[in-house]
Amino acid sequence: MDTRTKRSVQRKRRPRKRKKLYVSFLLLFSFLFLSTAAFAVLQYEIGKSNANQNLSENTNTTTENTEEQEFQSKEPENNEPINVLLIGVDTADDEPARTDTIMVAQYDPKNGDAKLASIMRDTYVEIPGYRDNKINASFFLGGPDLLRETIEHNFGLDLHYYAMVNFDGFVEVVDTVAPNGIEVDVKDPMYYSSGSTEINFKPGLQKLDGKEALNYVRFRSDANNDFGRVQRQQEMISLIKDEVLSVSGITRVPRLIGSIEPYLDTNIKTTRLLSLGRDFLLNPVDDIDTLRIPVQDGYYDEYYSHAGSVLELDFEKNREAINSFFSNPSEGFANDSQTKDEDGKDL
């Protein structure tokens, strides 16, 4: 066989080998994709099944509010950051849901920036259509939509979505993302006992399961009262974020979604959630900037017979702080919102 004939045979064989390699790669990719999808679906169903089982054991667990209305919000425009009203509710003894956790979270999918502003529940505000009262009264009177309207009216914020979860859902989240416990550095002794609830934490680094983590973020029986609780809530969200973004945490995301779904009430569509989840993994959040409303030196204690002890705001100072916080690039506003003790140290 001459050289020209050999080259002709080689040219005919190469495409056949390339085709086999291509088919093999395609089959391998398809297998990995289907395996990953099957794993995700299985984990989602396991998480949802476990959550539903826990729900059946606790018939009082619900996120429904008898006065709840449709959430009258608008979609974010031109790829602007999204603002989500986060509501933690307590549903006990078949009473209407009450909230002692009110936060506004902002997420920018383009660059992975995340911000979190906590509004203290005793903040005294104007409630549209009702008498002035604590901000958590707006949720009791009209559910998430009246709370949204109250925040927009008093602080000028546009809220696109809401996500409401009860405290049993919080326990599920912690136990799912950190099955061996979430590591927390307890700064000071924490003790409280009432009925079936007993909180007893000693200072130091320790791992807390879901129920212990809930007690940690709800505790307020010390000199810092609600101010300390808000700080711990923000701390816990940052710790949970770190757990989710860890190598092992990412594999638990499908189960996490399934476990939280029965406890979650939100107006975010499933397709939007999936899109945000993709963006969150592609542009991971490094740090969460935090703010507390009212800001330092932006309030004073007051008492009204119809509302009890409240935080009376300097609205100009607080509006300026919250709008600057959400409109400017991340600059670590958390230091401006901390409570200080008599020696000037952050609490």
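Looking at an unreviewed UniProt entry, one finds the chain named Regulatory protein MsrR, with Alkalihalophilus sp. As8PL as its source organism. Quoted verbatim from the Subcellular location (unreviewed entry) field of the UniProt record, the comment on the chain reads "Cell membrane".

As a further point, take helix α4 (residues 210-218). Regarding α4, the residues found buried are Gly210, Ala213, Leu214, Tyr216 and Val217. Summarising the axial view, the buried residues of α4 lie within an arc of 160°, below the 170-degree limit, and thus occupy one face. Buried positions along α4 lie against α3 (167-177), β7 (182-186), β8 (190-194), β9 (197-201), β10 (204-208) and α5 (225-245).

This paragraph deals with the sheet that holds strand β11 (residues 264-266). On the basis of which strands lie adjacent, the open sheet formed by 6 strands has the order β11-β6-β1-β2-β3-β12 and mixed pairing. Two strands bound the open sheet, and with one partner strand each, they are β11 and β12 (288-293). This sheet shows a mean twist of 20° between the axes of neighbouring strands, independent of strand direction. Pairing of strand β2 (residues 98-108) with strand β3 (residues 113-119), which is carried by 6 bridges, proceeds in the antiparallel orientation. Across the sheet, the residue bridging to alanine 105 is leucine 116, located in β3. Along the sheet face, α3 touches β1 (82-90), β2 and β6 (161-166) and points at about 90° away from the line of β6. Across the sheet, helix α9 (residues 315-327) touches β2, β3 and β12, and the angle it forms with β12 is around 165°.

Before going further, it helps to spend a moment on the side chain of aspartate 145. Structurally, aspartate 145 is set in helix α2 (residues 135-155). Judged by its relative accessible area of 4%, aspartate 145 falls in the buried class.

Let's shift gears to the confidence of the model for the chain. Looking at the chain, pLDDT values average 78 and 71% of them are 70 or higher. When mean pLDDT is taken per element in the chain, strand β4 (residues 124-125) scores highest with 97 and helix α1 (residues 3-57) scores lowest with 52. Under a pLDDT of 50 for its full length, residues 29-45 has, in the predicted model, 9 contacts with residues more than four places off or in other chains. Segment residues 59-68 is flagged for pLDDT under 50; beyond a separation of four residues in sequence, or across chains, it makes 31 contacts in the model.

Once that is clear, we can look at the nonpolar core. In terms of nonpolar packing, the biggest core is built from 31 residues, with Leu85, Ile119, Leu147, Ile151, Phe155 and Ile322 touching the most fellow members. Of all the elements, α2 adds the most residues to this core, at 7 residues. In this structure, isoleucine 151 is in contact with Leu85, Ile102, Val104, Ile119, Ile135, Gly156, Leu157 and Leu159, ignoring residues within four places of it in sequence.

Picture a little ball the size of a water molecule; that probe, rolled over the atoms, points out where space is still empty. Under the definition given, this model contains 2 cavities of 30 Å³ or more. For the largest cavity, the calculated volume is near 60 Å³. Around the largest cavity, the lining residues are Asp100, Thr101, Ile102, Met103, Ser118, Ile119, Met120, Arg121, Asp226, Arg229, Val230 and Gln233. Of all elements in the fold, only β2, β3 and α5 reach the threshold of two or more residues within the lining of the largest cavity. Its residues assigned to classes, the lining of the largest cavity shows 5 nonpolar, 3 polar and 4 charged.

This brings us to the pairing of strand β13 (residues 299-304). Bridge analysis of β13 against strand β14 (residues 308-313) gives 6 bridges, and the strand direction is antiparallel. Bridge assignment links tyrosine 299 to a residue of β14, and that residue is leucine 313. In sequence, β13 turns back onto β14 through a hairpin of 3 residues.

Moving on, we get to unusual backbone geometry. Where the residue is not glycine, phi is negative for most of them; where a peptide bond is considered, it is trans in most cases. Cis geometry marks the peptide bond from isoleucine 293 to proline 294, where omega comes out at 10°. Structurally, the position occupied by proline 294 is in the loop between β12 and β13. Located in the positive-phi region is aspartate 297, a residue other than glycine, with phi close to 65°. Locating aspartate 297 in the fold gives a position in the loop between β12 and β13. Accessibility expressed as a relative area gives 58% for aspartate 297, which makes it exposed.

What counts, and where the lines are drawn
Residues numbered from 1 in each chain as written. Predicted model: local features only at pLDDT ≥ 70, side-chain atom pairs only at ≥ 80, totals over all residues. Heavy atoms only, no water. UniProt positions renumbered as here; feature names shortened; annotations may be inferred. Buried < 20%, exposed > 50% of the residue type's maximum accessible area, 1.4 Å probe, protein only. Helix = DSSP H or I, 4+ residues; strand = E, 2+ residues; numbered from the N terminus. Arc of directions from axis to C-beta. Contact = heavy atoms within 4.5 Å. Pairing = 2+ DSSP bridges. Axes fitted to C-alpha atoms, helices over the stretch in contact; angles between N-to-C directions. pLDDT = per-residue confidence, 0-100. Core = buried A, V, L, I, M, F, W, Y, C linked by side-chain atoms within 4.5 Å. 1 Å grid on protein atoms, 1.4 Å probe; cavity = no way out; pocket = protein on both sides within 12 Å on 5 of 7 lines; lining within 4 Å. Points joined across faces, edges and corners; volume = space filled by probe spheres on them. Nonpolar A, V, L, I, M, F, W, Y, C, P; charged D, E, K, R; others polar.

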